[in-house]
Amino acid sequence: MGYLFSSFALLSGAIKGFCGKKLGNLTKTLQSAVFFNTVRMLICICFGFVLVLFSGELKFISFAPDLILISILSGFSTSLFVISWLMIIQKSAYILVDVFLTLGTIVPMCFCRFLFSETISPRQWIGYFILLAASLIMCSYNNSINMKLTISGIILLIFCGMANGFANLSQKIFVKSCPQTPTSVFNLYTYVVAAIVLGAFLIISCLRKGRMPDVPKENTKKGLHFIVIMAIALFLNSYFKTQAATYLDSAKLYPFNQGASLIISTLMSAIFFKEKITLKCILGIILAFVALMIINL
């Protein structure tokens, strides 16, 4: 059942990535990118509320301290991940994000080892490092420009990976600490917190620059359906991944999800966006597949 939920998470994640690629032209500046992501969070809130309402789970909405604290960790980590990712894009270092997202999976793996006594076998560690090697190869394949990362760029990449890792950790803490609370309620709270943090970041940015975000209206209308689909896919991705966390240990779930996402995003880029498949690309896909088999045997 855990792998079924994880497959649904991967499918929604692929849809989210496809829409994100299509929406690339809408976010010319960091300020406009934060604006669009705030809008996406608000759509996630609306979708989450409708899901809670029609599934009869409205009665589970509460202000229980443990649920609120876990949701704050989840929403805050999610918003920090989004902001750091956007800043990386501005520095043209996005080609290395997959490596650091793979590194970030070590956060839930290690924390859950001590918090919930989840074991990590030597075989799984070997698979993890093979997956990391595959990520490095894939990023090398995607790197079409010669650039030297600055110290600030490396710090941002580490921060981005760790923020995503803590967002994943919050899912595991939720399923362990609030087993009676529906996942839809937790995800609704997550995006409420994320929208607040991103909204605050946007307001501060506007005040510092003394103007509203430069948002191209004609492109916004053209890409509105992509924005809505991407927001719903974002909610479903975190929803199904949280569901999968009920059944799978962190050492299996998060490396599996990140490695499979790496393979899917590469194939999707080749099929839908006509990016060239090279020997490095094929080698990276094979290594990632081998790593996933080793981790999940």
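No experiment lies behind these values; they were computed from the predicted model shown. (Residues numbered from 1 in each chain as written. Predicted model: local features only at pLDDT ≥ 70, side-chain atom pairs only at ≥ 80, totals over all residues. Heavy atoms only, no water.)

*Asks:* What am I meant to see in the overall build of the protein here?
*Replies:* Of regular secondary structure, the protein possesses 12 helices and zero strands. Going residue by residue from the N terminus, the α and β elements of the protein occur as α-α-α-α-α-α-α-α-α-α-α-α. Burial analysis of the protein (297 residues in total) assigns 50% to the buried set. Considering only contacts in the protein between residues 6 or more positions apart, those separated by 24 or more positions represent 89%. Carbon and sulfur atoms make up 71% of the accessible area of the protein, which amounts to about 14600 Å² in all. (Helix = DSSP H or I, 4+ residues; strand = E, 2+ residues; numbered from the N terminus. Buried < 20%, exposed > 50% of the residue type's maximum accessible area, 1.4 Å probe, protein only. Contact = heavy atoms within 4.5 Å. Areas by Shrake-Rupley, 256 points an atom, 1.4 Å probe, with all protein chains shown as cover.)

*Asks:* Please clarify how the nonpolar core should be interpreted in this entry.
*Replies:* Proteins that are soluble and globular tend to have nonpolar side chains buried together. Core analysis: the largest hydrophobic core is formed by 52 residues, its most contacted members being Met41, Leu67 and Phe174. The dominant element in this core, judged by the number of residues it contributes, is helix H8 (residues 183-209), at 10 residues. Counting residues in each nonpolar core, the second largest holds 11 residues, with Ala260, Cys281, Ile285 and Ala291 among its members. (Core = buried A, V, L, I, M, F, W, Y, C linked by side-chain atoms within 4.5 Å.)

*Asks:* Could you clarify how one ought to interpret a nonpolar patch on the surface in this entry?
*Replies:* A cluster of nonpolar residues, Phe49, Val50, Leu53, Phe54 and Leu58, forms a patch on the protein surface that exposes about 500 Å² of accessible area. Exposure remark for Leu58: the relative accessible area of 38% places this residue in the partly exposed category. (Patch = residues over 30% accessible without salt bridge, like charges linked within 9 Å, V, L, I, M, F, W, Y side chains within 5 Å. Salt bridge = Lys/Arg side-chain N within 4 Å of Asp/Glu carboxyl O.)

*Asks:* Sorry if this is basic, but what is going on with the packing of aromatic side chains here?
*Replies:* Two aromatic rings are characterised by how far apart their centres lie and by the angle between their planes. Evaluated as defined, the whole model comprises 11 aromatic pairs. For the pair Tyr128 and Phe129, a centre-to-centre distance of 5.5 Å together with 75° between the ring planes defines the contact as edge-to-face. Seen in terms of ring centroids, Phe174 and Phe186 are 4.3 Å apart; in terms of plane orientation they differ by 10°. Their pairing is stacked. Pair noted here: Phe174 is in helix H7 (residues 151-177) and Phe186 is in helix H8, with a separation of 12 residues, a long-range link. Of the residues examined, Phe186 reaches a relative accessible area of 1% and is grouped as buried. Feature note: the residues Phe5, Phe8, Tyr239, Phe240 and Tyr247 constitute an aromatic cluster, connected by ring pairs. (Phe/Tyr/Trp six-rings, centres within 6.5 Å; stacked < 30°, edge-to-face > 60°.)

*Asks:* I would appreciate a short explanation of helix H2 (residues 30-54) in the present structure.
*Replies:* Because an α-helix packs 3.6 residues into every turn, residues spaced three or four apart end up facing the same way. With 25 residues, H2 extends 36 Å from end C-alpha to end C-alpha; this agrees with the ideal 36 Å at 1.5 Å per step. Directly after H2, the chain includes Gly56, whose backbone phi takes a positive value near 70°. (Expected span 1.5 Å × (residues − 1).)

*Asks:* For this particular structure, what's the right way to read the side chain of Asn187?
*Replies:* Looking at the element boundaries, Asn187 is found in helix H8. Given the relative accessible area of 2%, Asn187 is considered buried. Look past the residues within four positions of Asn187 in its chain and what remains in contact with it is Phe235, Ser238, Tyr239 and Thr242.

*Asks:* Is there a simple way to explain the packing of H2 against helix H10 (residues 224-245) in this structure?
*Replies:* What describes two packed helices is the angle between their axes and the distance between those same axes. Their axes nearest at 8 Å, the elements H2 and H10 cross at an angle of 60°. Of the possible angle classes, the one that applies to H2 and H10 is oblique. Taken as a pair, H2 and H10 cross one another with a handedness that is right-handed. Of the residues in H10, those touching H2 at Phe36, Val39, Arg40, Met41, Ile43, Cys44, Phe47, Gly48 and Leu51 are Ile227, Val228, Met230, Ala231, Ile232, Leu234, Phe235, Leu236 and Tyr239. Here the residues of the contact of H2 with H10 sort into 16 nonpolar, one polar and one charged. (Axes fitted to C-alpha atoms, helices over the stretch in contact; angles between N-to-C directions. Parallel < 35°, antiparallel > 145°, perpendicular 65-115°, else oblique. Left-handed = near helix turned anticlockwise from the far one by under 90°. Nonpolar A, V, L, I, M, F, W, Y, C, P; charged D, E, K, R; others polar.)

*Asks:* Looking at this model, I keep getting lost on helix H12 (residues 279-296). Mind explaining?
*Replies:* Counted at 1.5 Å a residue, the expected span for H12 with its 18 residues is 26 Å, and the 26 Å between its end C-alpha atoms agrees. Three or more residues of H12 are buried, namely Cys281, Gly284, Ile285, Ala288, Ala291, Leu292, Ile294, Ile295 and Asn296.

*Asks:* Mind showing me how you'd approach the confidence of the model for the protein here?
*Replies:* Low-pLDDT portions of the prediction should not be read for the details of their coordinates. Of the residues in the protein, 80% reach a pLDDT of 70 or more, and the chain-wide mean stands at 78. Within the protein, the element-level pLDDT minimum falls on helix H9 (residues 217-222), averaging 58, and the maximum on H8, averaging 87. (pLDDT = per-residue confidence, 0-100.)

*Asks:* How should the environment of Leu267 be read in this particular structure?
*Replies:* Position of Leu267 among the secondary structure elements: in helix H11 (residues 250-272). By relative accessible area, Leu267 is classed as partly exposed at 37%. Separated by 14 residues in sequence, Leu267 and Cys281 place their C-alpha atoms 9.4 Å apart.

*Asks:* What is the right way to look at the environment of Trp85 in this model?
*Replies:* Relative to the assigned elements, Trp85 resides in helix H3 (residues 65-90). What makes Trp85 partly exposed here is its relative accessible area of 35%. Expressed as a C-alpha distance, the spacing of Trp85 and Leu157, which sit 72 residues apart in the sequence, is 7.8 Å.

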